[in-house]
Amino acid sequence: MSAEKQDFLQRSKEFWNPGKTQAWQDMEVDLVIDRREGYYLYDMDGNRYIDVHLNGGTYNLGHRNPELVEVIRRGMERFDMGNHHFPSLARTALAEELAKCTPGDLQYTIYASGGGEAIDIAIKTARSAMQKRKIVSLVKAYHGHTGLAVKTGDARFSVPFLSQDIEHEFIQVPFNDLNAMEDALRKRDVAAVLLETIPATYGFPMPHVGYLPGVKALCERYDALYIADEVQTGLMRTGAMWGITRYGVEPDILVTGKGISGGMYPIACTVVSPRCAGWLTKDGFGHMSTMGGAELGCLVALKVLEICQRPEVASIVHYTASYLRKGLDEIRAMYPDFFTGIRQHGVIMGLEFTPPEGAKIAMKHLYRNGIWAIFSTLDPKVLQFKPGILATEFLAEEILSRAEVAIGAAAAEALGHDGGGRRVAA
Amino acid sequence: MDKIIADLVDQPDSPSAMRSEADLILTRAKWASEIFRGYDRERTQAIVQAVAQAAFEKAQEYAEWAVRETGFGVVEHKRFKAEASSRGLVEYYRDHDFVNPRVDHERMIVEIPRPAGVVFALAPATNPIATVYFKILSALMTRNAIVFSAHPASRECCNHATRLLAEVAERAGAPDGVIQAIDEPTIPLIDEFMRSDKTSVILATGGMAMVRAAYSSSNPALGVGPGNGPIVVDDTGDCKKTARYLVDSKSFDNGILCTADSIAIVYRSIAKQLRIEMERVGAYFCKEDEISLLREFMFGAGSLNVKGVVGRDAPLIARDAGIRVPLRTRILVAPIKKIGIDEPLSKEKLSPVLAWFVAAGKSEAFTQARATLRMTGAGHSAAIHSSDPQTVLDYATSVEAYRVIANTALSQGASGLTTNLAPTMTVGTGFFGRSSVGENVGPMHLVHWTRIAYAKDASIDISSFDGKQLKFSGPLASAPSDGVPGEDSGSRAAPPAEPRAPVSPGNRRQAGKGRPVEEHTEVDLRSEIRRLIAEELRRNRGE
Ligand SMILES: Cc1ncc(COP(=O)(O)O)c(C=O)c1O
């Protein structure tokens, strides 16, 4: 590590986040990202990393995708964030496009500046529409850091801030358990079920066949709305525009964030059906957000939607997913007592390792070998492995050739063999 | 969407938008080529056969469409070229194996074919369908992916054909995206495709500017320049036959091919007799004042009048030029006194108009033929009608052309339709024509070979390579979509094992025998093609 970096990390601890800064050093991930381009990151010492974290799909289209950069650049010559009280060309244009490309009768878009805020909007909207307060989500869920969203998630993110639910309005049920879901809904006092189509922070456990449609049916039976958190599963990551449609579910509310702005300008969207849109008609001033739906963000989001819908993209996702799967299966066969499972839908992948914190070991060795992938906070034996939707065959092969070495070294460390810690030239 | 927003989002003029559009298509193509190169010969041939058959069946339809859309050429000739560039082409390369290794026992070298990857192909408006067929099939035979950019004037028929063949190929098992067409090619967009590091080779056929751009792109290119074929006729041949060949060749697709004849350079001693014979089979010789009218009409604006003459029927050109000719006229002949930039009629004409130069004898004929090709068309094609092998040899040595067609029609002969040259719609103009390839381009140019070599005095048994097979990975199995009915890991079947017969030079031919996909190639297509050609020529002669 360079003296500059050491010095910088010191200041990071002093002024930014001492705990997190130190934790990364303890995990031997000394990443300080400087330049970034496509699916590559360069840290401040000039080391290059292939990004298969992508901040949960934020950089789906690559870092600083040139088309998005151009849209922002030209957009800035005419627009800024805009005045959130007034009808706006950009916000309406994006809402129109979202209505076109989202499932079912989703029609209105309510804007936020981040995913958590958009989830809060979804919850407020559902409560207002159903005139009920309860929200059901999953055990080990994460839907954001904001007031309502944080209560739907794991205690790890609410309790330290004394922000957990104490009024029993937020119920959590285990994933893939329709009986538990039915029990939660039976009293008809639930406004909405909030589900991430594939729970990311929990390490992408995959919905069982029939689970999501089953939940949707229960919602209908017990008068609850279905909110699909598509923050990480939308925008072609499953090979379809929205993960939820792959499971045959038409939600009442859909939330998109992260990748919708290509990582260029913060924006998130809550798309709702007319059935939920009561407050928008009766009391349009009831909710406001100065930065929600910033117009520059809307322009980028429009471009993101356009790129995602090009016919080549689905094809590239399919190739990338299948090719990486083939290669990872081969690596898995080499280390069967360390690398035990692959959870996959499109380019959403979770790699399972045997040790309870196996993903942290794998992460460290991948990092040493020039790949940046993050462990799952709420299930650290699973590594999130999330390549972009425009990946080339060249990149995919490089990912595999580096992963093979890294996972071998991780296995050696985890299982106590020697020979770990090899580093290939970056 | 309001225009203000649409303009900001679309930005069709922005270089980054164009680069991204190209990049996305090429990324997909690259993926397809990566998988395709792992296909064995049987799978490859199944795809090639299916595409050739579909193309063949559509030849008439697309020939009509091309003439309708571009206004160039003759439907039946375009159909003929399309048929020859589909089933005919595949038949020609039937015994060429671009997939399996070959063992050279003598030199102790083992050669493994390595496909180029992604072929970026251009098709000219003058010869759209046959070019699309030819390039797509050449790419498929060699397990390459191909991206097509049609000339704007023939975009609709080209893109339709390209997409149709893409569908057929994928149905026959080709990787998704192996054949793609560009919706709306523009010069800057094409430039992005040519410059991209994802393009493995450019197969450029078209105008000189396009070909030069291909060569300046920094990518490998197989570019071919224009033609301007001279035909020398000496006094040793059969005037009657020569006359027929000249008229058949010049009228083929109304003179639109780059292999079309440009100037007949005839010995004075036979000029009169040849002229009479040509008039008999549909040539109209322009008189002095008519030559001026024709020159003015064709080149009056400084360059070739594309709309007025290219690929049009001779009587229509004559009419528009102000010349009265019989309706049955197949070609116009314009006698000229000199060959060079100061005589526009000696340049490439892409129409059923033939210049006519009477030479004193061998020396003058040869220098004028050289002069023709040095002006335009260097490295392309030339013809001679002579029964004296020494004259033929001297001519072929003198003239800067890589094809010299002897005693038959130049247009069809040089592109391998009626000779044993490789059938092609891309005629290499070699070093004379500032190109990297001097022969008729074909599938063999889209594959390079990895060569395993041993020391000259090594005592190894090279024949132990016979029958060894490459590890063909075949199609890519789809990754599971966990939780989606029928697509999750639970329902995923193990990929089927693929036993293959060992392949060695000895049994390679047999390897294809008895398999359903290759069965219908057992019919002698080659003779069918010959029959078609003979019929075509007979029809042309009005027999
Ligand atoms: C599924 C999901 N929903 C919501 C959020 C919250 O988004 P943001 O961090 O933009 O508030 C996240 C962030 O990680 C997420 O993964």
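Since this is a predicted model, take the numbers as computed values, not measurements.

The rules behind each value
Residues numbered from 1 in each chain as written. Chains lettered and ligands numbered in written order. Predicted model: local features only at pLDDT ≥ 70, side-chain atom pairs only at ≥ 80, totals over all residues. Heavy atoms only, no water. Pairing = 2+ DSSP bridges. Helix = DSSP H or I, 4+ residues; strand = E, 2+ residues; numbered from the N terminus. Axes fitted to C-alpha atoms, helices over the stretch in contact; angles between N-to-C directions. Contact = heavy atoms within 4.5 Å. Phe/Tyr/Trp six-rings, centres within 6.5 Å; stacked < 30°, edge-to-face > 60°. Buried < 20%, exposed > 50% of the residue type's maximum accessible area, 1.4 Å probe, protein only. Lys NZ or Arg CZ within 6 Å of the ring centre and 35° of its normal. Salt bridge = Lys/Arg side-chain N within 4 Å of Asp/Glu carboxyl O. Core = buried A, V, L, I, M, F, W, Y, C linked by side-chain atoms within 4.5 Å. Near = heavy atom within 4 Å. Polar contact = N/O pair within 3.5 Å; in protein donor to acceptor, adjacent residues only side chain to side chain. Areas by Shrake-Rupley, 256 points an atom, 1.4 Å probe, with all protein chains shown as cover. Buried area = accessible area lost by both parts, 1.4 Å probe. Patch = residues over 30% accessible without salt bridge, like charges linked within 9 Å, V, L, I, M, F, W, Y side chains within 5 Å. Domains from an automatic or database assignment. 1 Å grid on protein atoms, 1.4 Å probe; cavity = no way out; pocket = protein on both sides within 12 Å on 5 of 7 lines; lining within 4 Å. Points joined across faces, edges and corners; volume = space filled by probe spheres on them. Nonpolar A, V, L, I, M, F, W, Y, C, P; charged D, E, K, R; others polar. Parallel < 35°, antiparallel > 145°, perpendicular 65-115°, else oblique. Left-handed = near helix turned anticlockwise from the far one by under 90°.

Looking at the sheet that holds strand E13 (residues 379–385) of chain B
Residues and elements named next belong to chain B. Overall, parallel pairing links the seven strands, which are arranged E10-E11-E12-E9-E8-E13-E14 in an open sheet. Here the strands that pair on one side only, and so sit at the sheet edges, are strand E10 (283–285) and strand E14 (401–406). Neighbouring strand axes in the sheet, compared pairwise and without regard to direction, differ in orientation by 25° on average. Bridge count between strand E11 (residues 331–335) and strand E12 (residues 353–359): four bridges; the pairing is parallel. The residue of E12 that forms the bridge with Val333 is Leu354. Against the sheet, helix H10 (residues 239–251) makes contact with strand E8 (229–233), strand E9 (261–267), E10, E11, E12 and E13, and its axis sits at roughly 165° relative to E9, the strand it touches most. On top of the sheet, helix H16 (residues 389–398) reaches E8, E9, E13 and E14; it is set at about 160° to E13, its chief contact.

Points about the packing of aromatic side chains
Under the criterion given, the structure shown has 18 aromatic pairs over all chains. For the ring pair A:Phe338 and A:Phe353, a centre distance of 4.8 Å and an interplane angle of 35° mean the geometry is tilted. With A:Phe338 in the loop between helix H14 (311–334) and strand E11 (339–345) and A:Phe353 in strand E12 (residues 348–353), this residue pair connects regions lying 15 residues apart in the sequence. A relative accessible area of 0% places A:Phe338 in the buried class. We classify A:Phe353 as buried; its relative accessible area is 1%. With a centroid separation of 6.3 Å and 55° between ring planes, the pair formed by B:Tyr93 and B:Phe98 is classed as tilted. Neither residue differs from the other here; B:Tyr93 and B:Phe98 are each classed as buried. Taken together, the ring pairs connect A:Tyr319, A:Tyr323 and B:Trp31 into an aromatic cluster. In this arrangement the basic side chain of A:Lys360 is found over the ring face of A:Phe375, its NZ or CZ atom lying 4.9 Å from the centre. Lying across the ring of B:Trp449, B:Arg102 places its NZ or CZ 3.5 Å from the centre.

A closer look at the pattern of salt bridges
Under the counting rule described, the total for this entry stands at 61 salt bridges over all chains. The closest approach of N and O atoms between A:Arg74 and B:Asp13, which form a salt bridge, is 3.4 Å. Residue A:Arg74 is located in helix H4 (residues 66–76), and its partner B:Asp13 is located in the loop between helix H1 (3–10) and helix H2 (15–36); the two belong to separate chains. Residue B:Lys58 is joined to B:Glu61 by a salt bridge in which the shortest nitrogen-to-oxygen separation is 3.2 Å. Residues participating in the shared-partner salt-bridge network are A:Glu28, A:Lys364, A:Arg368 and A:Glu413.

A look at the sheet that holds strand E15 (residues 379–385) of chain A
Pairing between the strands of a sheet comes from backbone hydrogen bonds, and it takes one of two forms, parallel or antiparallel. All names here are of chain A. Reading across the sheet, the four strands line up as E11-E12-E15-E14 and stay open at both edges, with antiparallel pairing between neighbours. Sheet topology places E11 and strand E14 (375–376) at the edges, where each strand pairs with a single neighbour. The sheet contact formed by E12 and E15 spans four bridges and is antiparallel. Note that in E15 the partner of Leu351 across the bridge is Leu383.

Topic: the nonpolar core
In terms of nonpolar packing, the biggest core is built from 202 residues, with A:Leu94 and A:Met181 touching the most fellow members. Not counting the four nearest positions on each side in its chain, A:Leu94 is found in contact with A:Tyr111, A:Ile267, A:Cys269, A:Cys298, A:Ala301, A:Leu302 and A:Leu305. Within the second largest apolar cluster, 65 residues are counted, among which are B:Tyr284, B:Val310, B:Ala359 and B:Ile384.

Considering the site of the ligand
Residue and element names in this part refer to chain A. Around the ligand, a shell composed of Gly114, Gly115, Gly116, Tyr142, His143, Gly144, His145, Glu196, Asp229, Val231, Gln232 and Lys258 is seen. Take His145: an N or O atom from its side chain is 3.3 Å from an oxygen atom of the ligand. Lys258 has a polar side-chain atom sitting 2.9 Å from an oxygen atom of the ligand. Protein chains shield 84% of the accessible area of the ligand, which is 390 Å² for the free molecule.

Observations concerning the interface of chain A and chain B
Counting from both sides, the interface comprises 48 residues of chain A and, opposite them, 41 residues of chain B. At the boundary of chain A with chain B, total buried surface from both sides reaches about 3700 Å², with 64% on carbon and sulfur atoms. When the buried area of chain A at its contact with chain B is split by residue, A:Arg74, A:Tyr319 and A:Glu393 rank highest and sum to 20% of it. Between chain A and chain B we count two salt bridges in total. The set of elements that each furnish at least two residues to the side of chain A that touches chain B consists of H4, helix H5 (89–101), helix H13 (295–308), H14, E11 and helix H16 (393–415) of chain A. Residue contributions to the side of chain A that touches chain B peak at 13 residues, all from H14(A).

Here we look at H4(A)
Note on helix geometry: an α-helix contains 3.6 residues per turn, so any two residues three or four positions apart are oriented the same way. For H4(A), every residue scored as buried is listed here: A:Glu67, A:Leu68, A:Glu70, A:Val71, A:Ile72 and A:Gly75. Considering only its buried residues, H4(A) is in contact with H13 of chain A together with H1 and H2 of chain B. Put simply, A:Asn65 is the residue that caps the front of H4(A), since its side-chain oxygen is 2.9 Å from the backbone nitrogen of A:Glu67.

Focus: a nonpolar patch on the surface
Residues and elements named next belong to chain B. On the surface, a nonpolar cluster with roughly 350 Å² of combined accessible area is contributed by Tyr402, Phe431 and Phe432. With respect to the element layout, Phe432 can be found in the loop between helix H17 (410–414) and strand E15 (447–453). When its relative accessible area of 37% is taken as the criterion, Phe432 is described as partly exposed.

Details of the domain arrangement of chain A
By convention, interface size is frequently given as the accessible area that disappears when the constituent parts associate. Residue and element names in this part refer to chain A. In terms of domain boundaries, chain A breaks down into domain 1 (31–64 + 311–415) and domain 2 (66–308). Between domain 1 and domain 2, the buried area comes to about 2500 Å², and carbon and sulfur atoms account for 64% of it. Per-residue buried area on domain 1 facing domain 2 is highest for His345, Ile348 and Leu378; these three make up 30% of the total on that side. Counting the contacts that link domain 1 with domain 2 gives zero salt bridges. Taken together, the connections running from domain 1 to domain 2 amount to 10 residue pairs in polar contact (both at pLDDT 80 or more). Where the side of domain 1 that touches domain 2 is concerned, the elements lending two or more residues are helix H3 (54–57), H14, E11, E12 and E15.

Section: empty space enclosed by the protein
All names here are of chain B. Summed over the entire model, instances satisfying the criterion amount to two cavities of 30 Å³ or more. Considering only residue class, the lining of the largest cavity consists of four nonpolar, five polar and four charged. Taken as a whole, the second largest cavity encloses approximately 30 Å³ of empty space. What lines the second largest cavity is Val233, Asp234, Asp235, Gly237, Asp238, Cys239, Thr242 and Ile270. Per-class residue counts for the lining of the second largest cavity are three nonpolar, two polar and three charged.

So, the packing of helix H15 (residues 358–368) of chain A against H16(A)
All names here are of chain A. Between H15 and H16, the least distance of the axes is 8 Å, while the angle of their chain directions is 135°. Between H15 and H16, the interaxial angle falls into the category oblique. Considering how the two elements wind past one another, H15 and H16 form a crossing that is right-handed. On the side of H15, the interface is formed by Ile361, Ala362, Lys364, His365 and Leu366, while H16 contributes Ala403, Ala406, Ala409, Ala410, Glu413 and Ala414.

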